[in-house]
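Listed below, chain by chain, are the residues.
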Amino acid sequence: MGMPLQNEGYFIVLKPEYVIERFEKREKVQKHFDEYQQFRKVYTSINPRNYRGISREVFEPFICFDKPNLRWYQEHDITDCGLARLRMGEIQKGLDNVQWAYFVTEKMLKSLEDVRDILSYIEDTSFFEVIFIRRDIFNFNANTLGFDIGYVEDDQFSIIADLAVTPQWHPSDPADDTEILEYFENLNENVLFKDVSSAERFLNYYRTRPWAETEEPSGQFYPIQVDKVSL
């Protein structure tokens, strides 16, 4: 019997403006703010506050209930979400014993009913939006925000975000900026690729660059369709 497939699901994520606000307040970014401003000038055609992909802070359940863990969430939440995280932990319990063939994350919710249940425990939900993502059998529709590239596992990584929105690791080679920006002409107003073919073309290019993040295992990066969700 093969592993069950989880090719799609829901994420509760921070809205883009809060992602950038919190990113720019990080100690590392503040320490190198001049370099960050230079980086923003290179990608001046991209408004990071418009990015609506997967590499945002994804709402997650309380994993354990020891005091240091609870204190961390209290210090890092931008709103009072403790009860919602507890409720999400109840909903997601048991997933640790399930191996999914594709997505592997307790942050992903299977149903819109579960999303609404969790959000009902948050007094002010204005910080968040809900997205529906899939990595197989794409279905472009009126709610599609675009196509990201990266992976969804225990954490989320977006190549688009890492290059042009919220850089996390080592940067690209400045000599490749012109080529990257040419590919990024196919990004839409949500800073996502307009179609899956544009995403795949850029991914193929990215894999040829010596500065690119290593795929472990091979094929770890893939296009991800992102749809908006109305509640």
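The structure under discussion appears in the preceding block.
Here's what I pulled together on the structure shown here.

Definitions and cut-offs
- Just so you know, the residues in each chain are numbered from 1, in the order the chain's sequence is written.
- With the structure being a predicted model, the display of local features is reserved for residues of pLDDT at least 70 and the display and counting of side-chain atom pairs for 80 or more, all residues being used for whole-chain, interface and lining totals.
- The side-chain figures draw on all heavy atoms in the structure; neither hydrogens nor water molecules are used.
- Here a Phe, Tyr or Trp ring, Trp counted by its six-membered ring, pairs with any other such ring whose centre lies within 6.5 Å, and the pair is stacked when the planes are under 30 degrees apart, edge-to-face when over 60, and tilted otherwise.
- Note on exposure labels: buried denotes an accessible area under 20% of the residue type's maximum, exposed denotes more than 50%, and partly exposed covers the range between, all computed with a 1.4 Å probe on protein chains only.
- Two thresholds decide whether a charge sits over a ring: the Lys NZ or Arg CZ must be within 6 Å of the ring centre and within 35 degrees of the ring normal.
- Helix and strand definitions follow DSSP, with helices as H or I runs of at least four residues and strands as E runs of at least two, each counted in order from the N terminus.
- Along the arc lie the directions from the helix axis toward the C-beta atoms.
- We call two residues in contact whenever any of their non-hydrogen atoms come within 4.5 Å of each other.
- The salt bridge criterion pairs a side-chain nitrogen of Lys or Arg with a carboxyl oxygen of Asp or Glu, the two atoms within 4 Å.

Okay, the packing of aromatic side chains next. Applying the stated criterion across every chain yields a total of 22 aromatic pairs. Between Phe 184 and Phe 193 the ring centres are 6.2 Å apart and the planes differ by 65 degrees, which places this aromatic pair in the edge-to-face class. Per residue, the accessibility class of Phe 184 equals that of Phe 193, and both read buried. Above the ring of Phe 59, the side-chain terminus of Arg 85 is found at 4.3 Å from the ring centroid. The cationic tip of Arg 135 hangs over the ring face of Tyr 222; the distance from NZ or CZ to the ring centre is 4.0 Å.

Right, let's talk about helix α1 (residues 16-24) for a bit. Along α1, the residues that are buried comprise Pro 16, Val 19, Ile 20, Phe 23 and Glu 24. Taken around the axis of α1, the buried residues stretch over an arc of 120 degrees, which confines them to a single face. Its buried side turned inward, α1 meets β1 (8-14), α2 (27-31), α3 (33-42) and β2 (128-134).

Further remarks concern the pattern of salt bridges. This structure, assessed with the given rule, holds 10 salt bridges. One salt bridge connects Arg 56 with Glu 129, and the closest N-O pair in it is separated by 2.5 Å. Taken together, the residues Arg 56 in the loop between α3 and α4 (67-76) and Glu 129 in strand β2 connect sequence positions 73 residues apart. Here Arg 56 and Glu 129 have matching classes, each one buried. One salt bridge in this structure joins Glu 90 and Arg 87, with 3.0 Å as the shortest N-O distance. In this pair, Glu 90 and Arg 87 both sit in helix α5 (residues 82-92), three residues apart, roughly one turn of the helix.

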